[in-house]
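Examining the three-dimensional arrangement
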Amino acid sequence: MADEQTKYQLSESEIPTQWINLLPDLPGDPLPPLHPGTLQPAGPDDLAPLFPMGLIQQEVSPEPEIDIPAEARDVYRLWRPTPLYRARRLEAALETPAHIYYKYEGVSPPGSHKPNTAVAQVYENARAGVKKLATETGAGQWGSALAFACQLYGLECEVFMVGSSYDQKPYRRTMMETWGATVHRSPSDLTEAGRSQADHPTGSLGIAISEAVEVAAGDPSCNYALGSVLNHVLLHQTVIGQEAMSQMELAGEEPDVLIGCVGGGSNFAGLAFPFVRRVLRGEAETRFVAAEPAACPTLTRGVYRYDFGDTVGLTPLMPMYTLGHDFVPPPVHAGGLRYHGDAPMLCGLVKAGAVEARAFRQNETFDAALRFARTEGIIPAPEPAHAIRAVIDEAEEAREAGEERVILFGLCGHGHFDLAAYEAYLAGELEDPEFSEAEMEAAIQRLPEVPAPSS
Ligand SMILES: Cc1ncc(COP(=O)(O)O)c(C=O)c1O
C-alpha cells in the first residue's frame, strides 16, 4: 500500500460556481406540486407564504445551471471543497478487486452535507428581509446546519426535533442551542399540529414538519425551511457531485456504480445528479443505487402517488413514492431516514429505472458501519451506514465476479452524536423492527383522493 494516494483534494478556487439543475434533463414534463386545499397545481404564489421568491424561482427554474451567489460561496469556503478518499484499507479487508471511493461531507462545522443548502436558503431569506426560520429536524443534522447558517446571517431559528431523536441525541440539541436556536421536542403542545399527534410520542419528520409549517404560516416575519425533498434543496447539494467528478478525474477513474443513502433524497441527489445528467445525455454508463432503511422503505415498498409532505396536510402534495403521510416509522437510529416520502425528482428516476433502490435492516447496517470505522477510521452517521452496507455488498459481488468495479459513495456525515446507537449495537441490543405491510395498507387508504401521477 506504500506511496498510494488516499485523499484527493481540490483548492478553494475549485469550489463550484454554479449548481446543477437536473430538472430540464429529466424525461417528460415535470409534475407540478398540488395545493393542499384545492388539489389543483400550485404555482409560485402558493409557495410565497413559506419561502422567499429567490428560492421559489430556483424550485421551478428551467435553467440547467444556476449561479451560486458569491456571498454563499464565500461561506462554503469554511469547509469546501470536501475531501474524496480512496478506501484502500476497507478494500484490503474485503479482499476485493473493487476500487472504493467516498466523498466525505462530515468535515462541515455541523458535521454533514446539510449546510450546503442551509447557507443557500438562509442567504435568500436574509436577502428577502425575513427575520426568523422555523424547521423540523430528524437526526438533528439539518437543525444544526440551519442553526449554524441562521447564526451567520443574524436570523432567529426555531427547530421542532423528532421526539425519538431528541431523546437519543441530547447533544445535537445543545449544538443547535450553541448556535442560538430554540429547540422543541416534537410532537409538542405549542402547535395545533403537535397537539393533534400527542398519541405518537416518538414523533416523525412528517409531524415535525407540520409543526414548523404552522409556526411559519402564523408569523409574517417567519418563513419555513426544509432540509431535503424539494428541488431547490437537491440543487444546492450538487456542489458535492461536481467536486467528486473533478476528484475522480484526479484519481483517473470513472465510477461504475454510485451509492448514497436516502432519507428525503438530498445527499443522494447532491452526489449523483451531476453524474446522472451525464448518463441521461448518453455520455456515461454509471449505475446508481439508493440505500434506505427496511423500517421505512419508501422507495422499495411505497406507492407512487401524490401525497402531502407532512402529516397533518399543510404542505403542497408532491408526486412521490410514499408510505402515507401519517406513517410513523419505528424509532430506528437513522433518524434522518425516517421520512414517509422522497424527493419527486429522485422518485421519478427510480420509477424510470435510472436509479435502483435497496433496503437494509438496522443490525446489518451497523455491522457495515463498524467494518468501515475499523478500517477507515471515520465513525459514520447511521444514515450513510446504509450506503456503506450497499457498498460492501457491491464490493463482495465484484470479488466473486473477479471484477475491478469502481464504486463511489457518499459519506454524508459523521456519527459523533450517534454513539448511543453504537453502544446499543455493541451490546447486542439493537432491534430490527419489521415494516408493517398492514399498517401501510391502512395509511394508503388515507391518501388524498388525487389520481396517481402518470409519468
Ligand atoms: C447524516 C444524514 N444523512 C442523510 C440524511 C437524510 O437526508 P437526505 O436524504 O436529504 O440526505 C440526513 C437527514 O437528516 C442526515 O442527517
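Only a predicted model underlies this, so the values are computations on that prediction, with no experimental measurement involved. (Residues numbered from 1 in each chain as written. Predicted model: local features only at pLDDT ≥ 70, side-chain atom pairs only at ≥ 80, totals over all residues. Heavy atoms only, no water.)

With respect to topology, 4 strands assemble into an open sheet ordered 8-7-6-9, the strand pairing being parallel. On the outer flanks of this sheet lie strand 8 (182-186) and strand 9 (222-224), each paired with one strand and no other. Each adjacent strand pair in this sheet contributes to an overall mean axis angle of 25 degrees, direction not counted. Inspection of the sheet shows strand 6 (residues 132-137) paired to strand 9 by 3 bridges, in the parallel sense. When the sheet's bridge partners are listed, A134 is paired in strand 9 with Y224. Sheet strands in contact with helix 6 (residues 141-153) are strand 6 and strand 7 (156-162), and its direction is about 165 degrees off that of strand 6. (Pairing = 2+ DSSP bridges. Helix = DSSP H or I, 4+ residues; strand = E, 2+ residues; numbered from the N terminus. Axes fitted to C-alpha atoms, helices over the stretch in contact; angles between N-to-C directions. Contact = heavy atoms within 4.5 Å.)

Where helix 12 (residues 266-280) meets helix 14 (residues 344-351), the axes come as close as 11 Å, and the angle between the chain directions of the two elements is 55 degrees. Comparing the axis directions of helix 12 and helix 14 gives the class oblique. Considering how the two elements wind past one another, helix 12 and helix 14 form a crossing that is left-handed. Judged by residue contacts, F268, F273 and V276 of helix 12 engage M345, L346 and L349 from helix 14. Across the contact of helix 12 with helix 14, the residue classes tally to 6 nonpolar, no polar and no charged. (Parallel < 35°, antiparallel > 145°, perpendicular 65-115°, else oblique. Left-handed = near helix turned anticlockwise from the far one by under 90°. Nonpolar A, V, L, I, M, F, W, Y, C, P; charged D, E, K, R; others polar.)

Next up on the list: the side chain of D418. Residue placement: D418 occurs in the loop between strand 15 (406-411) and helix 17 (419-426). Of note is the side chain of D418, whose polar atom sits 2.8 Å from the side chain of K169. If we skip the residues at most four places from it in the chain, D418 touches K169, H333, A381 and P382. (Polar contact = N/O pair within 3.5 Å; in protein donor to acceptor, adjacent residues only side chain to side chain.)

As a further point, take the sheet that holds strand 11 (residues 287-293). Taken in spatial order, the 7 strands make up an open sheet running 1-4-5-15-10-11-14, and their pairing is mixed. Only two strands of the sheet have a single partner each, and these edge strands are strand 1 (7-8) and strand 14 (356-360). With 3 bridges joining them, strand 10 (residues 257-261) and strand 15 adopt parallel strand pairing. Following the sheet pairing, I259 is matched in strand 15 by F409.

The tally for this structure, following the rule as stated, stands at 0 disulfides. C157 takes part in no disulfide bond, and the closest cysteine sulfur, belonging to C150, lies 4.2 Å away. For C157, a relative accessible area of 5% puts it in the buried group. Unpaired in terms of disulfides, C296 finds its nearest cysteine sulfur in C347, a separation of 12 Å. (Disulfide = S-S within 2.5 Å. Buried < 20%, exposed > 50% of the residue type's maximum accessible area, 1.4 Å probe, protein only.)

Below, the discussion takes up the side chain of D307. Residue position: D307 is located in strand 12 (residues 303-308). For D307, which is buried and forms no salt bridge, the nearest opposite charge comes from R305, at a distance of 8.1 Å. There is a polar contact of 2.8 Å between the side chain of D307 and the side chain of T322. Reaching out from D307, the side chain makes a polar contact with the side chain of H325 at a distance of 2.7 Å. Beyond its immediate stretch of four places on either side in the chain, D307 contacts P316, L317, M318, M320, T322, G324, H325, H340, L447 and P448. (Lys, Arg positive; Asp, Glu negative; His and termini not counted. Salt bridge = Lys/Arg side-chain N within 4 Å of Asp/Glu carboxyl O.)

Keep in mind that these numbers describe shape and distance, not what the molecule does.
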